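A structural walkthrough
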Amino acid sequence: MNDEGDPIQALVRLLTRLPGVGEKSARRIAYHVLGADPDYARALGGAIATMSERVRRCASCGAYTSRVRCAICDDPRRTAEILCVVARPMDADAVERARVFQGRYHILHTLLDPLGGVGPGEFPLEPLLERVAREGVQEVILATPPTVEGEATALYLAECFHAAGVTVTRIASGVPHGGDLEFTDPITLGRAMEGRRSV
Amino acid sequence: MTPLRITELSVDGFRNLRDVKLLPSPGGNVLLGDNGHGKTSILEAIDYAASLRSFRGATRTQLIGHEAKAAQVLLRVAGPDPAREYRLRLGRTTREITLDGKRPERAVEYFAGAACVVFHPGDLDLVRGPPELRRRLLDRILVRAVDGYGEALKSYGKALRARNVLLRERHPDTRAIQAFDFPLARYGSALVRARSVLAHDLVPAARRALDEVALSPDAIELRYQPRASGDQVVFTAALAENLSRDLARRSTALGPHADDLAITWSGLPARIVASQGQTRALALALRLAELHVLEARTRAIPVLLLDDVSSELDRERTARLFKLVAALGAQVFVTTTDPAIAALLPGARRFTVTDGAVGPGDG
Ligand SMILES: Nc1ncnc2c1ncn2[C@@H]1O[C@H](COP(=O)(O)OP(=O)(O)O)[C@@H](O)[C@H]1O
Ligand SMILES: [Mg+2]
Ligand SMILES: [Zn+2]
């Protein structure tokens, strides 16, 4: 099918690049937007554009924010002494929902994943090490997912921090095997935070 | 024991098969046709949908028909549990699988529900070929019999490939390499443990099967030889100890990916001792042992797929095998070019395979 001049097809192609959206759901979304109020379509398009223009990564932790530093990094009630390292922004959200954590986060945005092209040379280790030194972090909690890459990343970081004399803990099990933190319920995760152990 | 039964099979765009729809008999089924018309492809389509692997070692893209957009297979399977529907769609860049319309959550649930045992001409290599084929036999059984095995196998493979990529870098980073030792040892030791238990169960099953194919069970021995420990701590220590060697050879030497299921005949490797005929019989016995173990572990009799047996076994052995199959109570699919062979499986439903299409057989 030639989609040069077909706006529906153009949108469908863009939508299928989203995670979990296939051709069929992309078409359903496109038809839904067409069937809705034209203001909705304009607002949706505008919101997407504004978001990608205004939101950036927090200069200190990597969370998405429309300011230079995110609300958590700017919150004086949160201790800088404990740092929770996660892979993705939604993993930090999951820990946050458990409401037991008083420290700050560090979002890697990637894992050590040589098969995916992220070897030790590409892995963003330096900014994390610098931050830990700069902010006087006493304990680093490694909350990467219990997957092959997540476990390897945790171990890699643990070794790096041991060398730097920082206490490292791994979030305790309870996070289901192979699962994403994102899908873990807050109670399990809260317990995991409290039951974390030294590595 | 309840046998698994394929009650419906639809295939399209898989190798040369076009619009194939089959309602098999719960007992014997014979696929009759000249060479090159698609008999093996039908068995491969069944087994691929059930095991997500080609028993000929073909890659996914090789299985898609040259003219087709995608290969599609539908299997309906009845057994001890409510009937299941397996759907597979292989595109050039995608693979979609559903079990009863949903993405399967656990490997064991998927694989156990449609367990097939295949015996095909390439199986001579089970005895003569490299260890990989014998490991694959163990893994084939275990993904069906042990909850979590399929997942552990996948994770182990990932950790192994990642570690090997790191070992091949120009300036290998030992800290990163050793970071992958943890998942490698964790999943690797789990694989070794499961395989060791299975190898233990396989011995009596193989004795029974050897007897069934008229080989002497006393002369033949199966032994799983893990080179790394089933204990995670010991496994980890061995990896650390081997690091300099791994760095030199630029890959991970130790682990279940390098193990073998050794087959000895009067104390010597079977591949050296066994004649051509004995090798065939031995390969068949291994497949029958697979069936017996699966039956015991999953509490259902697997479907038996016999490709071109008459080219593998003489008439007498074929007749004996068919008798045995009838006694096992398994649903069976047999391919052959020879109508006389078809006649050896009394009461079987016949299908003729012509140029990628299937029709009812005569008689
Ligand atoms: N991807 C493919 N697309 C189309 N035809 C194929 C493909 N792969 C193999 N074939 C052809 O399918 C035919 C059937 O093969 P096979 O099932 O092995 O036949 P049989 O077992 O009846 O001898 C062969 O002629 C082979 O060349
Ligand atoms: Mg064939
Ligand atoms: Zn921040």
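This text follows the structure it describes.
Reading guide: rules and limits
- Each chain has its residues counted from 1, running along the sequence as written.
- The order in which chains are written sets their letters, starting at A; the order in which ligands are written sets their numbers, starting at 1.
- Owing to the predicted nature of the model, reporting of local features is limited to residues with pLDDT of at least 70; listing and counting of side-chain atom pairs is limited to 80 or more, with chain, interface and lining totals taken over all residues.
- Numbering of helices and strands starts at the N terminus; helices are DSSP runs of H or I of at least 4 residues and strands are runs of E of at least 2.
- For the purpose of contact definition, each residue receives a C-beta atom placed from its backbone, and two residues are in contact when these atoms lie within 7 Å.
- Nearness rests on one distance test: the residue's C-beta atom, set from the backbone, must lie within 6 Å of the molecule or strand.
- Residue burial here comes from a neighbour count, namely the number of other C-beta atoms, placed from the backbone, that lie within 10 Å of the residue's own C-beta, with 20 or more meaning buried, 12 or fewer meaning exposed, and in between meaning partly exposed.
- For two strands to be treated as a pair, DSSP must find at least two bridges joining them.
- Here an axis means a line fitted to C-alpha atoms, over the contact stretch when the element is a helix, while the angle between two N-to-C directions is reported on a 0 to 180 degree scale.
- Here the expected span of a helix is defined as 1.5 Å times the quantity of residues minus one.
- Here the term charged refers only to Asp, Glu, Lys and Arg, the term nonpolar to Ala, Val, Leu, Ile, Met, Phe, Trp, Tyr, Cys and Pro, and the term polar to all other amino acids, Gly among them.
- We define the nonpolar core as any set of buried residues of the types Ala, Val, Leu, Ile, Met, Phe, Trp, Tyr and Cys, connected via C-beta atoms lying within 7 Å of each other.

Another point: the overall build of chain A. Helix and strand counts for chain A come out as 8 helices and 7 strands. Here the analysis covers contacts within chain A between residues at least 6 apart in sequence; of these, 55% occur between residues at least 24 apart.

What follows is about the site of ligand 1. Contacts to ligand 1 come from 15 residues, most closely from Asn16, Gly36, Lys39, Thr40 and Ser41 of chain B. Looking at the shell around ligand 1, the element that brings in the most residues is helix 1 (residues 39-51) of chain B, giving 3 residues.

All names here are of chain B. Phi is positive for Arg250, which is not a glycine, with a value near 60°. Locating Arg250 in the fold gives a position in the loop between helix 10 (243-249) and strand 10 (260-265). Phi at Asp355 takes a positive value of approximately 50°, unusual for a residue other than glycine. Asp355 sits in the exposed class, given 12 other C-beta atoms within 10 Å.

With that out of the way, let us pick up the sheet that holds strand 4 (residues 28-32) of chain B. All names here are of chain B. Strand order in the open sheet made by the 6 strands is 8-13-14-4-15-16, with mixed pairing throughout. Either end of the sheet is taken by a strand with one partner, and the two such strands are strand 8 (116-119) and strand 16 (357-360). Strand-to-strand, the axes of this sheet are offset by a mean angle of 20°, without reference to chain direction. Relative to strand 14 (residues 332-336), strand 4 runs parallel, the two being bridged by 5 bridges. The residue of strand 14 that forms the bridge with Val30 is Val334.

All names here are of chain B. Between its terminal C-alpha atoms helix 12 (residues 276-298) stretches 33 Å, which fits the 33 Å expected from 23 residues at 1.5 Å a residue. Counting buried positions along helix 12 gives 17 out of 23 residues, so the element sits mostly inside the fold. In the stretch just after helix 12, Arg299 is the one whose phi turns positive, near 60°.

Counting residues at the interface gives 16 residues for chain B, matched by 12 residues for chain A. Tallying contributions element by element places helix 6 (residues 149-167) of chain B first for the side of chain B that touches chain A, with 8 residues. Residues that form the side of chain B that touches chain A fall into these classes: 9 nonpolar, 1 polar and 6 charged.

All names here are of chain B. Across its 13 residues, helix 1 extends 19 Å between first and last C-alpha, which sits within 8% of the 18 Å expected from 1.5 Å per residue. Summarising burial for helix 1: 12 of the 13 residues are buried, a large majority. Within helix 1, the full set of buried residues consists of Lys39, Thr40, Ser41, Ile42, Leu43, Glu44, Ala45, Ile46, Asp47, Tyr48, Ala49 and Ala50. Positive backbone phi, at 60°, marks Leu52, one or two positions downstream of helix 1.

Within soluble globular proteins, side chains that are nonpolar generally end up buried alongside one another. If you look at the biggest cluster of nonpolar residues, it comprises 154 residues, and the most contacted ones within it are Val85 and Leu142 of chain A together with Ile46, Leu75 and Ala285 of chain B. Top element by residues in this core is helix 8 (residues 181-212) of chain B. It accounts for 14 residues.

All names here are of chain B. Spatially, the 5 strands line up as an open sheet ordered 3-2-5-6-7, and their pairing is antiparallel. Edge positions in the sheet fall to strand 3 (20-22) and strand 7 (95-99), since each has one partner strand and no second. Shown here is a sheet whose adjacent strand axes are inclined to one another by a mean of 10°, direction ignored. Pairing of strand 2 (residues 5-12) with strand 3 involves 3 bridges; the strand directions are antiparallel. Paired with Val11 across the bridge in strand 3 is Val20.

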